[in-house]
Amino acid sequence: MQVTMCPERAIMEHVTSRWGVLVLQALSNGEAWRFSELRRELELASEKMLTQTLRTLERDGFVHREVFPVIPPHVEYTLTPLGKGAAGHLVALASWILANEPEVTQAQARYDAS
């Protein structure tokens, strides 16, 4: 018997993947980003992983890819309204984590000491 994944779970995996989170956060500033700019911003992302992540997020409707008809090719990525909504939640979560990191670190230390 084959188990199929519900669509919500697949979307959750795309948005909350390591690179999905970072791409959505980077694009959340409202500016258009070129591929090379995103690659520099994300530092450790390979070209292949960044390409796959952008394609997945574009397919899901979170990212808009605009190709300009010039030579050399010029492509820019921005968030769609749907992407802005998702990114807003991720940025809020990242802010909460930053604000609560000391408490989490203390809890980890107490756990490790017991």
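Computed from a predicted structure; not experimentally measured. (Residues numbered from 1 in each chain as written. Predicted model: local features only at pLDDT ≥ 70, side-chain atom pairs only at ≥ 80, totals over all residues. Heavy atoms only, no water.)

1. Thoughts on the overall build of the protein
The helix and strand inventory of the protein stands at five helices and three strands. For the protein, the N- to C-terminal ordering of α and β elements is α-α-β-α-α-β-β-α. The C-alpha radius of gyration of the protein comes to 17 Å, more than 25% above the 13 Å expected for a compact globule of 114 residues. Principal-axis analysis of the C-alpha atoms gives the protein an extent of 60 × 45 × 25 Å. Counting contacts in the protein only where the partners sit at least 6 residues apart, residues at least 24 apart contribute 47% of the total. With an accessible surface of roughly 8,400 Å², the protein has 57% of that area assigned to carbon and sulfur atoms. Looking at the protein, you have 11 positive and 14 negative side-chain charges, and the mean spots of the two groups are 6 Å apart. (Helix = DSSP H or I, 4+ residues; strand = E, 2+ residues; numbered from the N terminus. Rg over C-alpha atoms; globule rule 2.2 N^0.38 Å. Contact = heavy atoms within 4.5 Å. Areas by Shrake-Rupley, 256 points an atom, 1.4 Å probe, with all protein chains shown as cover. Lys, Arg positive; Asp, Glu negative; His and termini not counted. Charge placed at Lys NZ, Arg CZ, Asp CG, Glu CD.)

2. Some points on the pattern of salt bridges
For side chains of opposite charge, pairing can occur when their charged atoms come near one another. Under the defined criterion, the tally for this structure stands at one salt bridge. We note a salt bridge from E47 to R39, for which the minimum N-O separation is 4.0 Å. Under the relative-accessibility criterion, R39 is labelled partly exposed at 34%. (Salt bridge = Lys/Arg side-chain N within 4 Å of Asp/Glu carboxyl O. Buried < 20%, exposed > 50% of the residue type's maximum accessible area, 1.4 Å probe, protein only.)

3. Brief notes about the pairing of strand β3 (residues 74-79)
One ladder, built from two bridges, connects strand β1 (residues 33-34) with β3; its direction is antiparallel. For R34, the partnering residue across the bridge sits in β3 and is E76. Here strand β2 (residues 63-68) hands over to β3 after five residues, the two strands then running antiparallel side by side. (Pairing = 2+ DSSP bridges.)

4. Regarding helix α4 (residues 47-59)
With 13 residues, α4 should cover 18 Å at 1.5 Å per step; its first-to-last C-alpha distance of 18 Å lies within 8% of that length. Inspection of α4 places L50, T53, L54 and L57 among the buried residues, and these make up the whole buried set. Along the axis of α4, the buried positions cluster into a sector of 95°, meaning they face one direction only. Facing away from the buried surface of α4 by more than 90 degrees, the exposed residues are K48, R55 and R59. (Expected span 1.5 Å × (residues − 1). Arc of directions from axis to C-beta.)

Spatial relationships are all this shows, so hold off on functional conclusions.
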